[in-house]
Amino acid sequence: MAEPAVRASGLVKWFGEADTKTYAVRGVSFEAYFGEMLYIEGPSGSGKTTLLSMISGILRPNAGSVIVEDKDIWSLGPDQLADFRLNKVGFVFQDYHLFPRLTTLENVAIPLILKKLGWDEAMDKAMEYLEAVGLKDRAQLPPVKLSGGEQQRVAIARAIAGRPDILIFDEPTASLDGDTGRRIVDFVKKNILNEKRFILIVTHDNRIFEYADRIMRMEDGTIMGVEKTGK
Amino acid sequence: MKGILKIAFKLLVNDKGKFAALLVGITFAVFLMNMMTSMFAGILSKSSATVINVGAKVWVMDPAVNTVQSSIPMPDYILDAVRSINGVRYAVPLYSGGSLVKLANGTYQSATILGLDDASLLGRPQLIQGNIADIYSENAFIVVKDSEFPKLGNPKLGTEFELNDHRGVIVGIAKVTTSGLFGVPTLYTTYSRAIQYIPSTRYTISYILVEPKSASAVAYIKRQVKALGYEALTKDEFMKKIAHFYMFQTGLGTNVFLMTIISFIVGLSISGQTFYTFILENLERFGALKAIGARGRQLIYMILFQAGFTAMIGYGLGIGLSSFVIAMAKLRISSYAAIVTYKNLAFAFLMVLVIAGISSYIGIRKVIRIEPFDIFRG
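Rules of the game
Residues numbered from 1 in each chain as written. Chains lettered and ligands numbered in written order. Predicted model: local features only at pLDDT ≥ 70, side-chain atom pairs only at ≥ 80, totals over all residues. Heavy atoms only, no water. Helix = DSSP H or I, 4+ residues; strand = E, 2+ residues; numbered from the N terminus. Rg over C-alpha atoms; globule rule 2.2 N^0.38 Å. Buried < 20%, exposed > 50% of the residue type's maximum accessible area, 1.4 Å probe, protein only. Contact = heavy atoms within 4.5 Å. Areas by Shrake-Rupley, 256 points an atom, 1.4 Å probe, with all protein chains shown as cover. Lys, Arg positive; Asp, Glu negative; His and termini not counted. Charge placed at Lys NZ, Arg CZ, Asp CG, Glu CD. Buried area = accessible area lost by both parts, 1.4 Å probe. Salt bridge = Lys/Arg side-chain N within 4 Å of Asp/Glu carboxyl O. Polar contact = N/O pair within 3.5 Å; in protein donor to acceptor, adjacent residues only side chain to side chain. Pairing = 2+ DSSP bridges. Axes fitted to C-alpha atoms, helices over the stretch in contact; angles between N-to-C directions. Patch = residues over 30% accessible without salt bridge, like charges linked within 9 Å, V, L, I, M, F, W, Y side chains within 5 Å. Expected span 1.5 Å × (residues − 1). Domains from an automatic or database assignment. Nonpolar A, V, L, I, M, F, W, Y, C, P; charged D, E, K, R; others polar. Core = buried A, V, L, I, M, F, W, Y, C linked by side-chain atoms within 4.5 Å. Parallel < 35°, antiparallel > 145°, perpendicular 65-115°, else oblique. Left-handed = near helix turned anticlockwise from the far one by under 90°.

**Some thoughts on the overall build of chain B**
Working step 1: Within chain B, the secondary structure is distributed over 11 helices and 10 strands.
Working step 2: Taken over the C-alpha trace, chain B has a radius of gyration of 29 Å; the compact-globule value for 378 residues is 21 Å, which it surpasses by more than 25%.
Working step 3: Taken over the C-alpha atoms alone, chain B extends approximately 95 × 50 × 35 Å along its principal axes.
Working step 4: Across the 378 residues in chain B, those meeting the buried criterion constitute 52%.
Working step 5: Restricting the contact set of chain B to residue pairs at least 6 apart, pairs at least 24 apart contribute 79%.
Working step 6: Working note: accessible area of chain B is about 17000 Å², and carbon and sulfur atoms make up 60% of it.
Working step 7: In chain B, 36 side chains carry a positive charge and 21 a negative one; their mean positions are 13 Å apart.

Written out as structure tokens, the structure reads:
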């Protein structure tokens, strides 16, 4: 862990106004490093997802900054912010959000197509990522024909297809049984994480805690503590 | 951009149910709109049949005339006055009226009688059988072979009939550009014979057909005719006047307009609602695309492409279907008054663009407002 991939400082986010104003995140600061698998753990409503959204350039904080490559991402305009997400961040959503009307291969190719690669080139590259997650033979099937674990792997292939530096997983094991969940995270740790990549996982599934390098515990919008683990 | 549009295309057409519903909505709307406007165009064209077929450049008439059939006879001195106007190369009278024709089998059939100027025969139809000079022979008439022709018992050269107790003989069979609106056959004869055979009022000239010396003389002729208390209209102006009458003074235009608007609303409702549902169902995915890094305008292009593609396919199907129905109807009823004009096609195209525009606007509003954060929140 050499240089920080993300430096968040003084992040504050509230929702509502006046009487209905509710703080989701209250002045959170931390650094995350390349080659690290960092977990954010905490009960529902603790602000995990809000923090994750601010770090990934999705939700604008009311105060604070997120520095990536010496630049505050929240100083970027809407188009630059979209480019940041496309080029620097890969998302694996809790419900995967795969397109049921597209094939598995086309789903994986979406970030490549957004990066303006030609159709055939995007498909060729997407096939490589599908192969990396062991689903080459499922390329032409629609995602609905795949099992939960396979869909999760498709979502991972899509997330890494844009070769992002930061990978964001939102509750990656929430829809999976214990064994499959562990296998997926193990696969991610062994095959996806590398020295040029930082992985942030939001979870409250303690069955996968063993894979984390660090676990940040959140409660009521603040970090209650950071635990170093490592496997 | 091509790749993202291909994704949009696949998202659209792979949702077969929605895509079919969208196509049905737009096709149905285009079909109805094109049918309505084509029928109206057909009626307007047929209502000006005499003006088109006679083909005179300038028509002089009583200002109260609204259609060719509702001519108000003018005194003979008007013809002389018109002939004396500077810029008039020549002017001839035209008789236009209707009469009952007694056929050889004893039945009666109403017919339109056009009496052409004896000297010039200006406005004569193109003969497909017979010789035009025979119109000067005794009791001679030329019959128009159009969709109403069989109502005269499919006459041949030499076929006889009675017209107001006068004998009539077919000496020629002609073809014309457009058949009439009212479903009656047309007979041509000379002006003198027409006013002799058909009971008429004190004045007998229905219209004066004018050939101006030049196009620039028309304005002057019109002013001079107006000074006489009459009206001179060019062929196009007369057709517009007839169209205006049918559009605004008969209720026909209003009915067609209402039906067209209803068709538009039905099409808009079906396709707008279906497209909205389609967008709603894919809203989370659009949000995911936004989160992944799609720019707002890329999503707008996707939606515009989806709406535009559906609109164009629906337009093609609707035009094809309506044209097919009109062609089939014309096979069964040759006088069926419907014409698919470029204006109709352009109008339907414009309306389809409006439907696509409104449908996509609703979708775009929804997609632009979706926050990727909502995807994380579920």
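**Quick word on the interface of chain B and chain A**
Working step 1: Listed as interface residues are 25 residues of chain B and, on the opposing side, 29 residues of chain A.
Working step 2: Regarding the contact of chain B and chain A, the summed buried area is about 2800 Å², with carbon and sulfur atoms giving 68% of it.
Working step 3: At the surface where chain B touches chain A, the tally comes to 5 salt bridges.
Working step 4: D79(A) is paired through a salt bridge with R295(B); the nearest N and O atoms lie 3.8 Å apart.
Working step 5: In this structure, the connection of chain B to chain A is made through 9 residue pairs in polar contact (both at pLDDT 80 or more).

**Concerning the sheet that holds strand β1 (residues 4-15) of chain A**
All names here are of chain A.
Working step 1: Spatial ordering of the open sheet is given by β2-β1-β4-β5, a layout of 4 strands whose pairing is antiparallel. Edge strands, defined here as strands with exactly one partner in the open sheet, are β2 (22-33) and β5 (71-72).
Working step 2: Strand direction decides the pairing type here: β1 and strand β4 (residues 63-68), joined by 4 bridges, are antiparallel. Along β4, the bridge assignment pairs V12 with A63.
Working step 3: Each of β1, β2 and β4 touches helix α1 (residues 48-55); the most contacted strand, β1, lies at about 125° to it.

**Brief notes about a negative patch on the surface**
Working step 1: A contiguous patch of negative charge on the surface is contributed by D120(A), E121(A), D124(A), E128(A) and E131(A).
Working step 2: Position of E128(A) among the secondary structure elements: in helix α4 (residues 119-132).

**With respect to helix α5 (residues 148-161) of chain A**
Residues and elements named next belong to chain A.
Working step 1: An ideal rise of 1.5 Å per residue puts 20 Å on 14 residues; α5 measures up with 20 Å between its terminal C-alpha atoms.
Working step 2: With 12 of 14 residues buried, α5 lies mostly within the body of the structure.
Working step 3: Residues G149, E150, Q151, Q152, V154, A155, I156, A157, R158, A159, I160 and A161 constitute the buried set of α5.
Working step 4: Positive backbone phi, approximately 50°, marks R163, located one or two places after α5.

**Quick notes on the side chain of Q306(B)**
Residues and elements named next belong to chain B.
Working step 1: Among the structural elements, Q306 can be located in helix α9 (residues 296-332).
Working step 2: Engagement of the side chain of Q306 in a polar contact is seen with the backbone oxygen of A8, the distance being 3.0 Å.
Working step 3: Residues contacting Q306, with those up to four places away along its chain left out, are A8, L11, L12, F275, F278 and F286.

**Examining the domain arrangement of chain B**
All names here are of chain B.
Working step 1: Segmenting chain B into domains produces domain 1 (2-46 + 252-377) and domain 2 (75-229).
Working step 2: One C-alpha centre belongs to domain 1, the other to domain 2; they are set 49 Å apart.
Working step 3: Tallying the contact residues gives 5 residues for domain 1 and 6 residues for domain 2.
Working step 4: Counting each side, the surface lost to burial between domain 1 and domain 2 is near 450 Å², with a carbon and sulfur contribution of 57%.
Working step 5: For the interface between domain 1 and domain 2, the tally reads 0 salt bridges.
Working step 6: When grouped by side-chain class, the residues that make up the side of domain 1 that touches domain 2 number 1 nonpolar, 3 polar and 1 charged.

**Quick look at the pairing of β2(A)**
Look at any regular strand and the pattern is simple: side chains alternate between the two faces of the sheet.
Residues and elements named next belong to chain A.
Working step 1: When β1 meets β2, the two strands line up antiparallel, connected through 9 bridges. Note on β2: the bridge partner recorded for L11 is V28.
Working step 2: Between β1 and β2, which pair antiparallel one after the other, the connecting turn spans 6 residues, and G16 there sits at a positive phi close to 80°.

**A short note on the nonpolar core**
Working step 1: Core analysis: the largest hydrophobic core is formed by 86 residues, its most contacted members being M37(A), Y39(A), I199(A), L289(B) and M302(B).
Working step 2: Sort the elements by how many residues they give to this core and helix α8 (residues 252-292) of chain B lands first, with 9 residues.
Working step 3: With near-sequence residues (within four places) excluded, M302(B) lies in contact with I4(B), L5(B), I7(B), A8(B), L11(B), F286(B) and L289(B).
Working step 4: A32(A), V89(A), I166(A) and F198(A) belong to the second largest nonpolar core, which has 38 residues in total.

**Examining the packing of α5(A) against helix α6 (residues 178-192) of chain A**
Residues and elements named next belong to chain A.
Working step 1: Packing of α5 against α6 brings their axes to within 10 Å, and their N-to-C directions diverge by 25°. Between α5 and α6, the crossing angle belongs to the class labelled roughly parallel. The hand of the α5/α6 crossing is right-handed. From α5, G149, Q152, R153, I156 and I160 reach across to α6, where they touch T180, I184, V188 and I192.

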